[in-house]
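Read off the chains here:
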Amino acid sequence: MELTYEDSAEGIRHIRLAGRMDVEGTHEIDLKFTSVASCQKLLVLVDMSLVEFLSSLGLGTLVRSAKAQMSRTGMLVLYSPTPAVARVLQATQIDQIVPVYYDLGEARRALVPGDVRPV
Amino acid sequence: MELTYEDSAEGIRHIRLAGRMDVEGTHEIDLKFTSVASCQKLLVLVDMSLVEFLSSLGLGTLVRSAKAQMSRTGMLVLYSPTPAVARVLQATQIDQIVPVYYDLGEARRALVPGDVRPV
Amino acid sequence: MSRWFRQLAAEIGLDAVRTDDLELCLNELLANVLNYAYADEAYADERARPDDKIREIRIVAEGGAGDLRVSVEDDGRPFDPQAKPSPEPPGSLDRAGIGGWGLPIVRALASELVYERRGDWNRVTIRTLPTVSLPGSRFNNL
Amino acid sequence: MSRWFRQLAAEIGLDAVRTDDLELCLNELLANVLNYAYADEAYADERARPDDKIREIRIVAEGGAGDLRVSVEDDGRPFDPQAKPSPEPPGSLDRAGIGGWGLPIVRALASELVYERRGDWNRVTIRTLPTVSLPGSRFNNL
Ligand SMILES: Nc1ncnc2c1ncn2[C@@H]1O[C@H](COP(=O)(O)OP(=O)(O)O)[C@@H](O)[C@H]1O
Ligand SMILES: Nc1ncnc2c1ncn2[C@@H]1O[C@H](COP(=O)(O)OP(=O)(O)O)[C@@H](O)[C@H]1O
């Protein structure tokens, strides 16, 4: 799996994951994901649009960082999951506790509610 | 799998592979490896010291680039395979057609025979 | 196993949704067998093995696109994935676990999950039927 | 399958060399079954299947550290990995193939490779015995 990220001017960390979040794929990015998404208070947007497969292990990795951000009063949202991944988020009701957006503007507004600049 | 590389002053491209060269691992680096190791005439040293597992598919990837370099009158050598990987190279007799070195100075001298600077 | 399953699914003409969901369920069940079925050494010692077989795992696909069943069988310790009650959906991030999502995923995505204990064998079968997709969570339908 | 095999090997106290080699051989054989055993659709059509089973794969481990046998079984088309003569070692880079290394690796690294056809089943067993490691190529010992 591949993980890239950048910090935007609005103070949002955009993390893009790509590949299969199966056992091997998750092991590949788990350490890096946790270090860029959990180790400090952040507003994190995880772009899931290139993740083709989400296993229970991969789901655990996402939940771990979402929990870490909550405890730091930061926030983590998921952006644009593929249909197969969206079904996993729905089936486990994770989508009810970790926000999922399909619109980038909406995702940003959820993270930076005060920011009313047009996107 | 991870692939990093750098070009040394002597004109050698050092490619370091790391991870398991199983089906998934090989698919991850195959395209990048082929593009950095085959697409132009080069002296290539592939550092295998962090490759824990070499499948038949991974072996094919190495052989493909070694053949490409031969046909371009370049050269590819393998450096410092782990014992498990060395057994695969030996079992298939690939070690008799793609040179394998355990000493970096020796590997460099094989690639740049004219270069007599101390290493 | 994923590539194998996807090839099979393509051959029999299984639709994309069921292919993705069954692929995931098969992977979760197989991962559980590989990780847990033989992990309890006490059980391994206690059990008398007729020959010197130490473990056997089977993967079976039956049926066709209209009604595909995929089973994972093992001769490890007895484990009924249905016996544990479905965990409550977490409700809040606080209470959400980092592990333990495998069986909830399988239960939610497979149309049917059947466990059989036959002799020394566990057999877990997941079945998929063409379904109308339901809006909202499918946790409730279990 | 690798992690499962390594755990098993650790439990029975298999040494590192044989663990690595058998792990690789098991992976190669399983990859071949997943890729090729069911690829020939003509064969699948022609064969009468008693029930509606479409495929079954089994992985069996028998014995102990002194003499471990690992088998991969499938109900795909008959294929004897021994029937093809061992390819000549390439001798020069020119003639070296990019594919086709799986069976040569298995043949060279397993102490023994046995093929059995039983009914509709292929069973390929690899066996490892404690060996003194030989210097130079092991291609010759086949
Ligand atoms: N085949 C099995 N044999 C024995 N125990 C199992 C098996 N499958 C699952 N379990 C048990 O059920 C628990 C829940 O499994 P699962 O929902 O897949 O989540 P996880 O694998 O993340 O723990 C496992 O931690 C394990 O204790
Ligand atoms: N289980 C199998 N069933 C049918 N054909 C097989 C099987 N295993 C191998 N083969 C055939 O033997 C050939 C050589 O296999 P192998 O040495 O593993 O190399 P590769 O997989 O790279 O071709 C394969 O290309 C395939 O045609």
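Keep in mind that this is a model prediction, so the values were computed, not measured. (Residues numbered from 1 in each chain as written. Chains lettered and ligands numbered in written order. Predicted model: local features only at pLDDT ≥ 70, side-chain atom pairs only at ≥ 80, totals over all residues. Heavy atoms only, no water.)

Asker: Got a minute to help me understand the interface of chain C and chain D in this structure?
Answerer: As a measure of interface size, the accessible area lost when the parts come together is often cited. In this complex, chain C contributes 26 residues to the contact, which on the side of chain D involves 26 residues. Across the interface of chain C and chain D, roughly 2600 Å² is buried in total on both sides, 49% from carbon and sulfur atoms. Here chain C is connected to chain D by 2 salt bridges. Among the ionic pairs, Arg55 of chain C bridges to Glu11 of chain D, the shortest N-O distance being 2.7 Å. There are 9 residue pairs in polar contact (both at pLDDT 80 or more) connecting chain C and chain D. Per-element accounting of the side of chain C that touches chain D gives the leading share, 11 residues, to strand 1 (residues 53–64) of chain C. For the side of chain C that touches chain D, the class distribution of residues is 13 nonpolar, 3 polar and 10 charged. With 9 bridges connecting them, strand 1 of chain C and strand 1 (residues 53–64) of chain D associate as antiparallel partners. Along strand 1 of chain D, the bridge assignment pairs Ile57 of chain C with Ile59 of chain D. (Contact = heavy atoms within 4.5 Å. Buried area = accessible area lost by both parts, 1.4 Å probe. Salt bridge = Lys/Arg side-chain N within 4 Å of Asp/Glu carboxyl O. Polar contact = N/O pair within 3.5 Å; in protein donor to acceptor, adjacent residues only side chain to side chain. Helix = DSSP H or I, 4+ residues; strand = E, 2+ residues; numbered from the N terminus. Nonpolar A, V, L, I, M, F, W, Y, C, P; charged D, E, K, R; others polar. Pairing = 2+ DSSP bridges.)

Asker: How do you make sense of the packing of helix 3 (residues 83–91) of chain B against helix 4 (residues 102–109) of chain D when you look at a structure like this?
Answerer: In helix packing, the relevant descriptors are the interaxial angle and the interaxial distance, both defined with respect to the helix axes. In the contact formed by helix 3 of chain B and helix 4 of chain D, the axes pass within 9 Å of each other and the chain directions differ by 105°. One finds that helix 3 of chain B runs roughly perpendicular with respect to helix 4 of chain D. Taking contact as the criterion, the partners of Arg87, Val88 and Ala91 of chain B in helix 3 of chain B are, on helix 4 of chain D, Ile105, Ala108 and Leu109 of chain D. Class assignment of the residues belonging to the contact of helix 3 of chain B with helix 4 of chain D gives a composition of 5 nonpolar, no polar and 1 charged. (Axes fitted to C-alpha atoms, helices over the stretch in contact; angles between N-to-C directions. Parallel < 35°, antiparallel > 145°, perpendicular 65-115°, else oblique.)

Asker: For this particular structure, what's the right way to read helix 2 (residues 56–71) of chain B?
Answerer: Given 3.6 residues per helical turn, the α-helix brings residues three or four places apart onto the same face. Residues and elements named next belong to chain B. With 16 residues, helix 2 should cover 22 Å at 1.5 Å per step; its first-to-last C-alpha distance of 22 Å lies within 8% of that length. Where burial is concerned, most of helix 2 is hidden: 12 out of the 16 residues are buried. One or two steps after helix 2, the chain reaches Thr73, where phi turns positive at roughly 60°. (Expected span 1.5 Å × (residues − 1). Buried < 20%, exposed > 50% of the residue type's maximum accessible area, 1.4 Å probe, protein only.)

Asker: Would you mind going over the site of ligand 1 with me for this structure?
Answerer: Residues and elements named next belong to chain C. Neighbouring residues of ligand 1: Asn32, Tyr36, Ala37, Arg77, Phe79, Lys84, Gly99, Gly100, Trp101, Gly102, Leu103 and Pro104. Within the backbone of Gly102, an N or O atom sits 3.4 Å from an oxygen atom of ligand 1. Out of a free accessible area of 530 Å², ligand 1 has 79% covered by protein chains. Secondary-structure elements contributing two or more residues to the shell around ligand 1 are helix 2 (16–37) and helix 4 (102–109). (Near = heavy atom within 4 Å. Areas by Shrake-Rupley, 256 points an atom, 1.4 Å probe, with all protein chains shown as cover.)

Asker: Just to check I follow, could you spell out the site of ligand 2 for this structure?
Answerer: Residue and element names in this part refer to chain D. The local shell around ligand 2 consists of Asn32, Tyr36, Ala37, Arg77, Phe79, Lys84, Gly99, Gly100, Trp101, Gly102, Leu103 and Pro104. Contact distances for ligand 2 include 3.4 Å between an oxygen atom and a backbone N or O atom of Gly102. Leu103 places a main-chain nitrogen or oxygen 2.8 Å from an oxygen atom of ligand 2. For ligand 2, the accessible surface in isolation is 530 Å², of which the surrounding protein chains cover 78%. Of all the secondary-structure elements, those providing two or more residues to the shell around ligand 2 are helix 2 (16–37) and helix 4. Here the shell around ligand 2 is composed, by residue class, of 6 nonpolar, 4 polar and 2 charged.

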